[in-house]
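Here are the chains, one letter per residue:
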Amino acid sequence: MKLEIELIPESTMTINLRQQMSSYRWRQLSRQIQQQDQYTCQICRRTKGLEIDKLHCHEVWDFDKENGIQRLIGLQSLCFQCHMIKHIGFAEMNGWIEKYQLVEHFCRVNRVTAADYAVHFHEAVQLWIARNRIDWIVELGEYADYENCTRESE
Ligand SMILES: [Zn+2]
């Protein structure tokens, strides 16, 4: 499936790159990623200015279960719907969007049925529960230096 639910463990939900940066730097980085991504949602391929108003910058994580390391491996531009599906628990909690609209988007992008969505959602929650048992160490890798690097090169 192109678009998958990706729930961040409870203990690391607030530890991310965005949190480490000033909002100014984050917006700057987000614009840079959008440019690299040619202003296109990297999952459903809709384009900013044509089909959608704006793009979000999504942090892509790798979960190394063996070593308990949650590692930031990339950044990608996503539309609002794709981004909210990635973090569907969070979106629901905040009442940002009606869930049925997200399910419709999920089904359209993945070319699956609502029943397939239900199975996928259940699996994502099971994975989340398993990941919540691990005491994760968060690694931001090369991105951790972003704020300092760009400031020096100015
Ligand atoms: Zn999208």
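Keep in mind that this is a model prediction, so the values were computed, not measured.

Examining the nonpolar core
Of all hydrophobic cores here, the largest spans 21 residues; its most connected members are Leu-3, Ile-5, Cys-41, Ile-43, Cys-82 and Tyr-117. Of all the secondary structure elements, the ones that give two or more residues to this core are helix 3 (80-86), helix 5 (99-110) and helix 6 (114-131). With 5 residues, helix 5 is the largest single contributor of residues to this core. Discounting residues that sit within four places of it in the chain, Leu-3 has contacts with Ile-43, Cys-82, Ile-85, His-105, Phe-106, Val-109 and Asn-110. Leu-17, Met-21, Trp-61 and Trp-136 belong to the second largest nonpolar core, which has 14 residues in total.

Overview of the coordination of the zinc ion
Octahedral metals with six donors have ideal donor angles of 90 or 180 degrees. Tetrahedral metals with four donors have an ideal donor angle of 109.5 degrees. Distances from the zinc ion to its protein donors, Cys-41 (SG), Cys-44 (SG), Cys-79 (SG) and Cys-82 (SG), fall within 2.3 to 2.4 Å. Classification of the site at the zinc ion as tetrahedral follows from its 4 donor atoms and the range of 103 to 118° in their angles at the metal. Counting gaps between the donor residues of the zinc ion yields the pattern C-x2-C-x34-C-x2-C. Of this pair, Cys-44 sits in the loop between helix 2 (23-36) and strand 1 (56-64) while Cys-82 sits in helix 3, and the two are 38 residues apart along the sequence. By the burial criterion, Cys-44 is buried, and Cys-82 matches it.

Analysis parameters
- Numbers given to residues run from 1 along each chain, matching the order in which its sequence is written.
- Whole-chain, interface and lining totals are the exception, using all residues; otherwise, since this is a predicted model, local features are given only for residues with pLDDT of at least 70 and side-chain atom pairs are given and counted only at 80 or more.
- Side-chain metrics in this entry use all non-hydrogen atoms of the structure; hydrogen atoms and water are not considered.
- Here, the term nonpolar core denotes a set of buried Ala, Val, Leu, Ile, Met, Phe, Trp, Tyr and Cys residues that are joined through side-chain atoms within 4.5 Å.
- Summary of the burial criterion: residues with accessible area below 20% of their type's maximum are buried, those above 50% are exposed, and those between are partly exposed, where the area comes from a 1.4 Å probe applied to protein chains only.
- Only runs of H or I of at least four residues qualify as helices and only runs of E of at least two qualify as strands under DSSP, and these elements are numbered from the N terminus.
- In this analysis, two residues are considered to be in contact whenever any of their non-hydrogen atoms come within 4.5 Å of each other.
- For Na, K and Ca the donor cutoff is 3.2 Å, while for all other metals N, O and S atoms count as donors only within 2.8 Å; water does not appear among the atoms, so some sites may look incomplete.
- When four donors show all angles between 85 and 135 degrees the site is tetrahedral, when four or six donors have opposite pairs over 155 degrees and all other angles between 65 and 115 it is square planar or octahedral respectively, and in every other case it is irregular.

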